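Report on the structure
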Amino acid sequence: MDADLTLQEDLVYKWLKDNPEFFNNYPDILPAAITVSGKVLSLEAGQLKKLQKQNEKLSDKLEDILKRLHRNDEIHKTYHEIQISLLTATTPQELIKVTTKSTEDQLSVGRITVAINTSEKDITDLYKNLSEDFPLDRLFFIPSDELSQTLKKPAKPVIRVGLEGNNRNLFFGDHSDKIRSEALVPLFSHPNHERARLIGSLNIGDPSPSRFLPSDSTELLQDLADVLGLCLNRLANCTNIKPDQ
């Protein structure tokens, strides 16, 4: 009888060694096993429970990381789609409409406008004669010194919150009183900003005071503004583009 019991224990022992995940898969039987085997298994069970908790924490962290990665992928995809829309715009009017209202919807922000440096005659000439359906409240012409005063020298993205935007009306017109945070991103004549002229700004505002914060990264916004600057220069340099198109 004892020999049979020993044989069965040996088989159980061997099987458990070959299947180390058994108690992980069936933790409900651990209390009974602890009662039978005493202190040694009790300590091992406590260690197992500790490892299980650590594993749960790691799983939660991994899930958070995956969510952020997915969110970042969606953001980059959206910006890529916007840039493609800018590059495929064929007229000055279409370019402004895509940059403002369409991009506004895609980014879910309160207001987007474009400001053009009045010193950039070739670009301002594009918008001399506008059709009746052109959104005049989306395009503003600002003197070079006022642009430089706001965007500094060398020009770089500026984030303003609350009452910081004391000249907000220059960039958002009649909608300036609804803006509580904004990102003003310089438009350059060339991707190499050090050698480029400041031709305007891409202005993104929102009613929420926390939508844009000084700690926010502006790299994607500057990339978007760089594409817009190239598109404006391309249209200005195309002799077959007429101002009223």
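Structural notes, computed from the coordinates.

**What to know about the pattern of salt bridges**
This model, assessed by the stated rule, comprises ten salt bridges. Between Arg111 and Asp137 there is a salt bridge, with its nearest N and O atoms 2.8 Å apart. Within this pair, whereas Arg111 is found in strand β1 (residues 111-117), its partner Asp137 is found in the loop between α6 (121-126) and β2 (139-142), the two being separated by 26 residues in sequence. The buried category is assigned to Arg111, whose relative accessible area is 8%. Judged by its relative accessible area of 36%, Asp137 falls in the partly exposed class.

**A look at the packing of aromatic side chains**
In this structure the tally under the stated criterion is one aromatic pair. Ring geometry for Tyr127 versus Phe134: centroids 6.0 Å apart, planes at 45°, classification tilted. Residue classification places Tyr127 among the buried positions, given a relative accessible area of 4%. Judged by relative accessible area, which is 5%, Phe134 ranks as buried.

**Quick look at the nonpolar core**
Generally speaking, nonpolar side chains in soluble globular proteins are found buried as a group. Counting residues in hydrophobic clusters, the biggest one holds 33 residues, and the most contacted among them are Leu86, Leu95, Leu202 and Leu232. Elements supplying a minimum of two residues to this core: α4 (39-87), α5 (92-107), β1, α6, β4 (181-188), β5 (198-206) and α9 (219-237). Of the residues forming this core, the biggest block, eight residues, is contributed by α9. Once residues within four sequence positions are removed from consideration, Leu202 is found in contact with Thr99, Ile112, Thr113, Val114, Ala183, Leu184, Val185, Leu187, Leu224, Ala225 and Leu228. Counting residues in hydrophobic clusters, the runner-up holds 13 residues, among them Leu151, Ala155, Phe188 and Leu198.

**Considering the packing of α5 against α9**
One can describe the packing of α5 onto α9 by two numbers: an axis separation of 10 Å at closest approach and a directional angle of 165°. When the axes of α5 and α9 are compared, the pair comes out roughly antiparallel. Remark: the crossing between α5 and α9 carries left-handed chirality. Residues Pro92, Leu95, Thr99 and Thr103 of α5 form the contact with α9, whose own contacting residues are Leu224, Leu228, Cys231, Leu232 and Leu235.

Conventions used here
Here the residue numbers are simple positions, counted from 1 along each chain's written sequence. In view of the model being predicted, local features appear only for residues whose pLDDT reaches at least 70, and side-chain atom pairs are presented and counted only at 80 or more, with totals across whole chains, interfaces and linings using the full set of residues. The side-chain figures draw on all heavy atoms in the structure; neither hydrogens nor water molecules are used. Here, a salt bridge means any side-chain nitrogen of Lys or Arg that lies within 4 Å of a carboxyl oxygen of Asp or Glu. Strands here mean DSSP runs of E at least two residues long; helices mean DSSP runs of H or I at least four residues long; both are numbered from the N terminus. When a residue's accessible area, from a 1.4 Å probe over protein chains only, is under 20% of the maximum for its type it is buried; when over 50% it is exposed; and in between it is partly exposed. Within 6.5 Å between ring centres, the rings of Phe, Tyr and Trp (the latter by its six-membered ring) count as paired, and their orientation is classed by plane angle as stacked under 30 degrees, edge-to-face over 60, tilted in between. For this analysis, a nonpolar core means a set of buried residues of the types Ala, Val, Leu, Ile, Met, Phe, Trp, Tyr and Cys, connected via side-chain atoms within 4.5 Å. What makes two residues a contact is simply this: any of their non-hydrogen atoms within 4.5 Å. Fitted lines through C-alpha atoms give the axes, limited to the stretch in contact for helices. The angle between two N-to-C directions lies from 0 to 180 degrees. Each angle is binned into one of four classes, with values under 35 degrees roughly parallel, values over 145 roughly antiparallel, values of 65 to 115 roughly perpendicular, and all other values oblique. In this scheme, a crossing is called left-handed if the near helix is turned counterclockwise away from the far one by less than a right angle; it is called right-handed if the turn is clockwise.

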